[in-house]
Amino acid sequence: MEHKLENRTCQNCKVDFTIEPDDFLFYEKIKVPAPTWCPECRMIRRFSHQNTWNLFWRNCDKCGKKTLSMYSSYEKIKVYCQPCWWKDDWDGTEYAMDYDSSRPFLEQVKEIIHKTPYVSLNNLYLMNKNCDYVNSTGQCRDCFMIFWADFCDNVYYSTLLNTLKFSSDCIRGYFSELCYESVGFSRCYRTFFSEECDDCIDVWFSRDCYNCTNCIGCVNLRGESNCIFNIKYTKEEYLEKLKELNLDSWKSLNELKIKSKEFWITKPIRDFHTHSLSVNVSGDYVYESKNSKEMYISNGAEDCKYCQLITVKPVEDCFDYSGWGDNASQIYEGITVGNNSSSVYFSFECWPDSMNLQYCYWNISGKNNLGCVNLKRKQHCILNKEYSKEEFEKLKTEIIEDMKVNPYIDKTGKKFYYGEFFPPEFSLFPYNKSNAMRFFPKTKEEAISLGYEWSDVLNPNHTTTIKASDLPDSILETNDSILNEIIGCRDCGRAYKIVEGELNLLRKMNLPIPHECPKCRENKRFERMDPIKLHKRNCMKCGVGISTPYSKDRPEIVYCAKCYQQEFN
Ligand SMILES: [Zn+2]
Ligand SMILES: [Zn+2]
Ligand SMILES: [Zn+2]
Ligand SMILES: [Zn+2]
């Protein structure tokens, strides 16, 4: 069928959005109706169902042991610790329900959402080694407080990672080693306090530098070495300057942080972060991707649209998919679906080897399931009840037809027909503890009026034994007794500790111990990333129209790709 671009009004925010001919082709191919919410509302709805970064202590509802959990005790659901949840003595069919054709299907899914036990943390638990304090990870070893990470080794307090080793305090770190306080880097070694640098060694406080060695406070350099604030020195001069900079001192590092930011802003930045291995893409942080539009953090995606947080390639033919990848294809309206998964719609936490799932929550290696929750290694199930292949297909068709005419109606009166992701009120997380808050902060009043929950629960604070201002300035003056101290954060005053592996790593990198708590550090790092929002504006050099995360009121000098490249000729 021939399709034309159509303008529609979002059922949620009432703002107009467009559905392009290619979008219609995708919906037609996977036999779903076109969405009624705009792309941004759809993304926020998905993010609101997930909590990667807020962990609480609660007791396992099976063995009673204290466990770290994504769910605070505020959430009135059953939560098992990881060993209990992953144990083979249950598979989820214990909670099977019969389909009741007189009630909306999603109402019945909601029932099973509240009946079944959840795992405290979201990890490929059986494939991690010595990683008890991590969330949203797989195939990691000896890591502590890392989130959304795969294939990591000895990493601390970091997020959105793939194959990072012996590093701490990073976001979007890929295939790198010995990095600290850096954001967005690939194949780097000893890269500190830097942003958007690839293939760098011994680089500090630098932005958008590729293939550089021994650089400090630099921006937009290619293949350079021995530079400080973009000024080239001889190797001897550089080493002399390096000594004067006192890079082991917390005070000097803090001064350099401010000075480098002031310098970076004087140099142009590209319309959005991508590189020459990406073809026909839009969005931000789009790497090794092809024919993929409106992406945010995309690595190795092809023929995708409106996707976010793809940290592990490859990903193919996905729309409205919020991570994480690792061989995912034809995912629509999905979050944390991946690791050899295909044809999964309106679902989240379905991995590994998942196939043909719809309206599923937490299905491990599920195939051909509909409306199943906390189900492990099962096929042809509806509401956790097993059917023969023939019975399943027949009932599935009947339910989908019914969902097209009998919607679930939420407490704000919004209708959810077949083709919509789960309603916001199905989320097990209060809005302010969910990933939606991380990228789209809302006030308590706004969130509640949209049908979300809110929670003011905080982890208990501890009495501190030392103030951040009394910490030693250099790691050389720091002895092992720091491991026994409870430090009061410089910014928020809350208590935090230094753990042994972290101290060893800081010694290896010759860096001082941090003066802020992990949460304040994490928040500040996220502020160093661009928001998930594109603005139409013009290149500040040639005037050509660009789509960029930098709105007009931002201080950056924003160039189109062509003008930015000319800076290097
Ligand atoms: Zn909207
Ligand atoms: Zn347990
Ligand atoms: Zn703090
Ligand atoms: Zn231009």
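This text follows the structure it describes.
Treat the numbers as computed from the prediction; the structure is a model and nothing was measured.

About the cut-offs
- Residues numbered from 1 in each chain as written.
- Chains lettered and ligands numbered in written order.
- Predicted model: local features only at pLDDT ≥ 70, side-chain atom pairs only at ≥ 80, totals over all residues.
- Heavy atoms only, no water.
- Helix = DSSP H or I, 4+ residues; strand = E, 2+ residues; numbered from the N terminus.
- Rg over C-alpha atoms; globule rule 2.2 N^0.38 Å.
- Buried < 20%, exposed > 50% of the residue type's maximum accessible area, 1.4 Å probe, protein only.
- Contact = heavy atoms within 4.5 Å.
- Areas by Shrake-Rupley, 256 points an atom, 1.4 Å probe, with all protein chains shown as cover.
- Lys, Arg positive; Asp, Glu negative; His and termini not counted.
- Charge placed at Lys NZ, Arg CZ, Asp CG, Glu CD.
- Donors = N, O, S within 2.8 Å, 3.2 Å for Na, K, Ca; no water.
- Tetrahedral: all angles 85-135°; square planar, octahedral: opposite > 155°, others 65-115°.
- 1 Å grid on protein atoms, 1.4 Å probe; cavity = no way out; pocket = protein on both sides within 12 Å on 5 of 7 lines; lining within 4 Å.
- Points joined across faces, edges and corners; volume = space filled by probe spheres on them.
- Nonpolar A, V, L, I, M, F, W, Y, C, P; charged D, E, K, R; others polar.
- Salt bridge = Lys/Arg side-chain N within 4 Å of Asp/Glu carboxyl O.

### A word on the overall build of the protein chain
- Counting secondary structure elements, the protein chain contains 12 helices and 40 strands.
- Taking 2.2 N^0.38 as the reference for a compact globule, 569 residues should give roughly 25 Å; the C-alpha atoms of the protein chain span a radius of gyration of 25 Å, in line with that estimate.
- Judged by the C-alpha coordinates and their principal axes, the protein chain covers about 80 × 60 × 40 Å.
- Per-residue burial over the protein chain gives 59% buried out of 569 residues.
- Taking all contacts inside the protein chain whose residues are at least 6 apart in sequence as the whole, residues at least 24 apart take part in 39%.
- Within the structure as shown, the protein chain displays about 23500 Å² of accessible surface, and the carbon and sulfur contribution to it stands at 50%.
- Across the protein chain, the centroid of the 74 positively charged side chains sits 1 Å from that of the 81 negatively charged ones.

### Things to note about unusual backbone geometry
- Cis rather than trans, the peptide bond between Lys-313 and Pro-314 has omega equal to -5°.
- By the secondary structure assignment, Pro-314 is in the loop between strand E22 (308–310) and strand E23 (315–316).
- Pro-352 follows Trp-351 through a cis peptide bond whose omega is -20°.
- The backbone of Asp-169 shows a phi angle near 60°, a positive value even though the residue is not glycine.
- By the element assignment, Asp-169 lies in the loop between strand E9 (153–168) and strand E10 (171–177).
- Looking at Asp-169, the relative accessible area reads 0%, which means it is buried.
- Backbone geometry at Asn-226 places phi at a positive 55°, although glycine is not the residue there.
- Its location among the elements puts Asn-226 in strand E16 (residues 225–228).

### A few points about the coordination of the zinc ion (ligand 2)
- Around the zinc ion (ligand 2), the protein contributes the donor atoms Cys-60 (SG), Cys-63 (SG), Cys-81 (SG) and Cys-84 (SG), at 2.3 Å from the metal centre.
- For the zinc ion (ligand 2), the 4 donor atoms in the first shell make angles of 102 to 115° at the metal, so the coordination geometry reads as tetrahedral.
- Read from N- to C-terminus, the donor residues coordinating the zinc ion (ligand 2) fall into the pattern C-x2-C-x17-C-x2-C.
- Overall, Cys-60 belongs to the buried group, its relative accessible area being 4%.

### Re empty space enclosed by the protein
- One pass over the full model with this rule turns up 3 cavities of 30 Å³ or more.
- For the largest cavity, the calculated volume is near 140 Å³.
- Contributions of two or more residues to the lining of the largest cavity are made by strand E7 (135–138) and strand E8 (144–150).
- Residue classes in the lining of the largest cavity are distributed as 5 nonpolar, 6 polar and 1 charged.
- By volume, the second largest cavity is sized at about 40 Å³.
- What lines the second largest cavity is Phe-147, Tyr-157, Ser-158, Thr-159, Ile-171, Glu-522, Arg-525 and Phe-526.
- Contributions of two or more residues to the lining of the second largest cavity are made by E9 and helix H11 (518–527).

### Re the pattern of salt bridges
- With the rule as written, the count across this model stands at 47 salt bridges.
- Of the charged contacts, one joins Asp-169 and Arg-525 as a salt bridge, the two residues approaching to 3.0 Å between their closest N and O atoms. Here Asp-169, found in the loop between E9 and E10, pairs with Arg-525, found in helix H11; they are 356 residues apart in sequence, far enough to count as distant.
- Looking at Arg-525, the relative accessible area reads 3%, which means it is buried.
- Between Arg-528 and Glu-195 there is a salt bridge, with its nearest N and O atoms 2.7 Å apart. With Arg-528 in the loop between H11 and strand E38 (535–538) and Glu-195 in strand E13 (residues 195–198), this pair connects stretches of sequence that are 333 residues apart.
- Arg-528 sits in the buried class, given a relative accessible area of 18%.

### Some thoughts on the environment of Ala-561
- Looking at where Ala-561 falls in the secondary structure, it is placed in helix H12 (residues 561–566).
- Between the C-alpha atom of Ala-561 and that of Thr-274, which follows or precedes it by 287 residues, the distance is 9.4 Å.
- If near-sequence neighbours (up to four positions away) are discounted, Ala-561 is found in contact with Arg-270 and Asp-271.

### Some remarks on helix H2 (residues 39–47)
- By the criterion of burial, H2 is predominantly enclosed, with 7 of the 9 residues buried.
- Residues of H2 that are buried: Cys-41, Arg-42, Met-43, Ile-44, Arg-45, Arg-46 and Phe-47.

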